[in-house]
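Structure at a glance
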Amino acid sequence: MGILEYDGESLNWNEIKLYAKYVKKHGIVQFLNNYQRLLERPVDILKWGDEVEYMVIRFDHKNRKVQLSLRGDEICNILQEKENSGIVNLPSSWRHEYASHMLEGTPGVPYQGDMAQFKYVESNMEMRRKEIQELLQPNEQIMTLTAFPRLGCFNYTNPSYKADSAKSNQICQSLFIPNEAIGSHPRFLCLERSIRERRGERVSINIPIFKDTSTPSPFIEKFNDPEANQAAKPDHIYMDSTSFGFGNCCLQITIQGSNMDETKLLYDQLAPVCPIVMALSAAAPIWRGYLADVDVRWPVIEQGVDDRTREERGLEPLVNNERVIRRPRFGSINSYLHKESRKFNDVAIEIDMETKYTLLDAGVDQLLAQHIAHLWMRDPLTLFTNNIEVDDKKVTDHFENIQTTNWHSLRFKPPPPGSDIGWRVEFRVCEVQLTDFENAALSVFVVLLTRVILTYNLDFCIPLSYVHTNMTKAQKNNAINLEKFYFRSNIVSCCCRNSDCKNHIISDDESLTEEHFQKMSINTIINGKKDVFPGFILLIQKYLGSVDVDIDTRLKINEYLDFISNRASGDYMTTAQWMRHFVTSHPEYKQDSVVSNSIAYDLLVRCDQIQKSKVKCYQLFKTAA
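Owing to the predicted nature of the structure, the values given are computational and were not obtained by experimental measurement.

With that settled, consider the pattern of salt bridges. For the structure shown, the criterion picks out 37 salt bridges. Notably, a salt bridge pairs Glu 74 with Arg 71, separated by 3.1 Å at the nearest N-O pair. For Asp 235, the salt bridge is made with Lys 211, and the minimal N-O distance between the two is 3.1 Å. With Asp 235 in the loop between helix H6 (226-231) and strand E9 (236-239) and Lys 211 in the loop between strand E8 (205-208) and H6, the pair connects residues that are 24 residues apart, well separated along the chain. With relative accessibility at 25%, the residue Asp 235 sits in the partly exposed group. Under the relative-accessibility criterion, Lys 211 is labelled partly exposed at 35%. Taken together, the shared-partner salt bridges connect Lys 24, Arg 198, Asp 307, Glu 312, Arg 329 and Asp 379 into one network.

Here is a general trend for soluble globular proteins: nonpolar side chains tend to be buried in one another's company. Grouped together as the largest cluster of nonpolar side chains are 182 residues, with contacts concentrated most on Leu 103, Phe 148, Trp 287, Phe 427, Phe 445, Phe 536 and Trp 578. Considering every element that reaches this core, the biggest residue donor is helix H14 (residues 436-456), with 12 residues. Listed in part, the 7 residues of the second largest apolar core include Leu 11, Ile 16, Cys 190 and Leu 383.

This part is about helix H18 (residues 536-544). Taken together, the buried positions of H18 are occupied by Phe 536, Ile 537, Leu 539, Ile 540, Tyr 543 and Leu 544. One side of H18 carries all its buried residues, which in axial view fall inside an arc of 165°. When the buried face of H18 is taken as reference, the exposed residues oriented beyond 90 degrees from it are Leu 538 and Lys 542. Summarising the contacts, the buried residues of H18 are in contact with helix H9 (273-280), H14, strand E17 (485-488), helix H17 (522-527) and helix H19 (551-569).

Here the second largest pocket defines a volume of roughly 920 Å³. Surrounding the second largest pocket, 30 residues form its lining, Ala 20, Lys 21, Lys 24, Glu 322 and Asp 379 being those nearest its centre. Put simply, the parts of the chain that give the lining of the second largest pocket at least two residues each are helix H1 (13-38), helix H5 (186-199) and helix H11 (353-361). When residues of the lining of the second largest pocket are assigned to their parent elements, the largest contribution, 9 residues, is made by H1. Looking at side-chain class alone, the lining of the second largest pocket contains 7 nonpolar, 6 polar and 17 charged residues.

Linking two cysteines covalently through their sulfur atoms gives a disulfide. Applying the stated criterion to the full structure yields 0 disulfides. Cysteine Cys 76 shares no disulfide, and the gap to the nearest cysteine sulfur, in Cys 249, comes to 13 Å.

A word on the packing of aromatic side chains. Geometrically, a pair of aromatic rings is defined through the distance of the ring centres and the angle of the planes. Applying the stated criterion across every chain yields a total of 33 aromatic pairs. Note on Phe 59 and Tyr 601: the rings are 6.0 Å apart at their centroids and 80° apart in plane angle, and the pair reads as edge-to-face. Taken as a pair, Phe 59 in strand E1 (residues 47-60) and Tyr 601 in helix H21 (residues 597-611) lie far apart in primary sequence, 542 residues in all. Pairing Tyr 466 with Tyr 486 gives two aromatic rings, centres 4.3 Å apart and planes at 80°, and the pair type is edge-to-face. Here Tyr 466 is found in helix H15 (residues 464-474), whereas its partner Tyr 486 is found in strand E17, with 20 residues between them in sequence. The partly exposed category is assigned to Tyr 466, whose relative accessible area is 27%. Here the aromatic cluster, defined as three or more aromatic residues joined through ring pairs, consists of Phe 437, Tyr 560, Phe 563, Tyr 572 and Phe 621. Sitting above the plane of the Tyr 456 ring, Lys 542 keeps its charged end 4.8 Å from the centroid. A cation over a ring is seen here: Arg 580 above Phe 210, with NZ or CZ 5.5 Å from the ring centre.

Thresholds applied
- Residues numbered from 1 in each chain as written.
- Predicted model: local features only at pLDDT ≥ 70, side-chain atom pairs only at ≥ 80, totals over all residues.
- Heavy atoms only, no water.
- Salt bridge = Lys/Arg side-chain N within 4 Å of Asp/Glu carboxyl O.
- Helix = DSSP H or I, 4+ residues; strand = E, 2+ residues; numbered from the N terminus.
- Buried < 20%, exposed > 50% of the residue type's maximum accessible area, 1.4 Å probe, protein only.
- Core = buried A, V, L, I, M, F, W, Y, C linked by side-chain atoms within 4.5 Å.
- Arc of directions from axis to C-beta.
- Contact = heavy atoms within 4.5 Å.
- 1 Å grid on protein atoms, 1.4 Å probe; cavity = no way out; pocket = protein on both sides within 12 Å on 5 of 7 lines; lining within 4 Å.
- Points joined across faces, edges and corners; volume = space filled by probe spheres on them.
- Nonpolar A, V, L, I, M, F, W, Y, C, P; charged D, E, K, R; others polar.
- Disulfide = S-S within 2.5 Å.
- Phe/Tyr/Trp six-rings, centres within 6.5 Å; stacked < 30°, edge-to-face > 60°.
- Lys NZ or Arg CZ within 6 Å of the ring centre and 35° of its normal.

Structural measurements only, silent on function.
Written as structure tokens, this is what we have:
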């Protein structure tokens, strides 16, 4: 999760803001120093990798209770020993994560363009899971679970700690989350504290509750805390800490382009794909012990990292802040980067004008300058005493400080200085799935889609405001089956400027019409519909037929594509819908939206059985094995 290297003591927000302009100024100097070197960078080959986040779960089988085990940091430290000792080309790499119950694993080295590498993705994920399992204590299990269903409930951690919003020395100052639940890395503690301190109050997360037949209407919670009572909305589940968002797990895929221009193109083309894959991977219907009327983690994190002051949110006149900021620093991308997508940038964004002109004067193109200047209207949230004055020619610490605390659906990533790593795009919307099979399937699907885009010169871009609309739709309960999404109907591009050509690229001065995009179901987008859209699966199969693929790899890929196809069609449930069905069908459920400890215990026992293949769940998937 972002840059984890640090030196010195962490600063609080009042100290950080004294250096905010310095960090932002030197961050741009660092970017430009790196950018000038990168102009002569040779063409790179395809490399890619996945990042899987894990939760450590503790079961009390005697009492039918389940908790989060706060041993994530301890386990991660052991897993990092080989890497820290200098051993190279390890099969896995491990990083600390935001919460004490979490850790992150990636392949030790990136995958490359060889098609045969796709058949090793799942086995590498299985190996990573086994590495963690060997370090677990009795009654502990490792799970790829997007959201723990009773995060923030009484006694939800092991060891158990009490949250205390009244203690001034509490970093969280939350009604629900104790300090000990945050990972021990100073960056995470600093983020939690700075977001709250910069905002001037605790974050306010309100997620609509699922209204069942016996759910109180209106659903209103009363707290022994005036701030919480004012912030909590009727018919919503209230949460008050960044940990509710960053305490979730996800699956991310990073793809290296051959150069900066190609990476910009992939960034733009993947933007309309993000809400589709988010709904396809939905896995988080339960929050703080209640069934919600959303299926994904996205709105929880979006509200959980909202560091905007009341002035910046437009609730008070501007006195101490420069501008009203429309959106939190977590959300969908706000601008396309490639020159061919410029015409679809219809979303108004705030930018730091000084940063933009500095970049333009240095030769950075208009769209990239605007993108960075938009990121740069945010303040740094973390800073350490010995990382303030650094060599701007050798490191990009201050650039990455701002870059990695703008959490968007995609991240455009320049090569690190002095590295053989190239320009990359990070695909950030996937909810992590219960099994390695599902996570491998999503990873391979996304990477193959990028190959299809480049091979056939496809164009998925639509006005960015419609992408934002789609992102909102994708969060809803059963969005995969109930919602329709704006998507490009004619996706084949050509290089001509003949407006009569059906593959004609829309020029900057042309008006957009319904011929260019329309509302489609996810089933249509993934599986296709005659005379409407060819479908991602057909396009990928066409691509696979044109390249050299060994039979074992092709069979494995076909298995993944069958899974994606069946989920999109509704033949397989999303994890979120399966969990929702499990809870509402449970004999102890009272149709009141409450997910008790015993229900959560039974749910996670079943999840553990599924991930270990002890129970076949054909509602979720079928495999050849």
